[in-house]
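Topology and contacts: notes
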Amino acid sequence: KGAYYVNPEAQMTLSAMIAERHGVAPEQVVVTTGSGEALSALALIYGPKGPIVAPRLFWDTTALYAQKLGLASITRVPLTEDMEIDFAGLEAAITPETGMVQLCNPNNPTGLTTPGSIIRPAVASMASKTTVVVDEAYIELTDDEASITCVPLVKEGKDVIVTRTFSKIYGMAGIRVGYTISSAETADKIRSTAMSWAPCTSFAAAIGCYNDESF
């Protein structure tokens, strides 16, 4: 299978599986070559509008990708003394020129998880002012994913984009599959900006392991 490009049937199958799991429409799901490709695409889409507002420490590789191309800048808001994300500080840093807000939950590299009771109201408030991207690469490693994820905000129609990956809990870091959950309109923008594609091997692995919740 590694000799072949991915086919539309595999893409549709995986997108449908992801959509069913999260209770969204398949057109709201974009499967990418790891979530890194999706995050890079988002930096290219929203970075030219204005600064990417983010915590001082977050997984910034993809934002830096756009910055190095001269297409984005990053406004970093210091963490609290307890190394938590300062949501009030982030919201205060938003201006009409802000490109987007980018967060990780659990945060990388601090490893700290923000409870849903804190992150969801904060993200909803910020999303009334600008696009908010929540990178949930490690969320399956938490004790209660359902209470923490910001996918419900997407379903409520908020200007929120959630990214996920098969690189962590599924152990597929070298095989490269990730995805976004957003509005269908935003999904179309991500698809048009995506730069690569995963091979059949990656899709076969993702389809094979996605519903193995007992593991």
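Structure first, text after, so check above.
Residues numbered from 1 in each chain as written. Predicted model: local features only at pLDDT ≥ 70, side-chain atom pairs only at ≥ 80, totals over all residues. Heavy atoms only, no water.

Before going further, it helps to spend a moment on the packing of helix H1 (residues 8-22) against helix H9 (residues 200-209). With their axes 10 Å apart at the nearest point, H1 and H9 run at an angle of 30° to one another. By the angle between their axes, H1 is roughly parallel relative to H9. Regarding H1 and H9, the two cross each other, and that crossing is left-handed. Each of Ala10, Gln11, Thr13, Leu14 and Met17 in H1 lies in contact with H9, whose residues at this interface are Phe203, Ala206 and Ile207. Counted by class, the contact of H1 with H9 contains 6 nonpolar, 2 polar and no charged residues. (Axes fitted to C-alpha atoms, helices over the stretch in contact; angles between N-to-C directions. Helix = DSSP H or I, 4+ residues; strand = E, 2+ residues; numbered from the N terminus. Parallel < 35°, antiparallel > 145°, perpendicular 65-115°, else oblique. Left-handed = near helix turned anticlockwise from the far one by under 90°. Contact = heavy atoms within 4.5 Å. Nonpolar A, V, L, I, M, F, W, Y, C, P; charged D, E, K, R; others polar.)

Moving on, we get to the sheet that holds strand E7 (residues 178-181). The strand order across the open sheet built from 7 strands is E1-E7-E6-E5-E4-E2-E3, with neighbouring strands paired in mixed fashion. A single partner strand is all that each edge strand has here, and the edge strands are strand E1 (29-32) and strand E3 (74-77). Each adjacent strand pair in this sheet contributes to an overall mean axis angle of 20°, direction not counted. Where E1 lies against E7, 4 bridges are found, and the strand directions are antiparallel. Counterpart to Val29 in the pairing with E7 is Ile181. (Pairing = 2+ DSSP bridges.)

As a further point, take empty space enclosed by the protein. With the rule as written, the count across this model stands at 1 cavity of 30 Å³ or more. Of the volumes computed, that of the largest cavity is approximately 30 Å³. As for the largest cavity, its lining consists of Met83, Glu84, Ile85, Asn107, Thr110, Leu112 and Thr114. (1 Å grid on protein atoms, 1.4 Å probe; cavity = no way out; pocket = protein on both sides within 12 Å on 5 of 7 lines; lining within 4 Å. Points joined across faces, edges and corners; volume = space filled by probe spheres on them.)

The step from Asn105 to Pro106 runs through a cis peptide bond, and the omega angle for that step is -5°. Position of Pro106 relative to the elements: it lies in the loop between strand E4 (100-104) and helix H5 (116-127). Between Asn108 and Pro109 the backbone carries a cis peptide bond, its omega angle lying at 25°. Relative to the helices and strands, Pro109 resides in the loop between E4 and H5. Residue Arg176 is not a glycine yet carries a positive backbone phi of 70°. Tracing the backbone through its elements, the reader meets Arg176 in the loop between strand E6 (160-165) and E7. Given a relative accessible area of 29%, Arg176 falls into the partly exposed group. (Buried < 20%, exposed > 50% of the residue type's maximum accessible area, 1.4 Å probe, protein only.)

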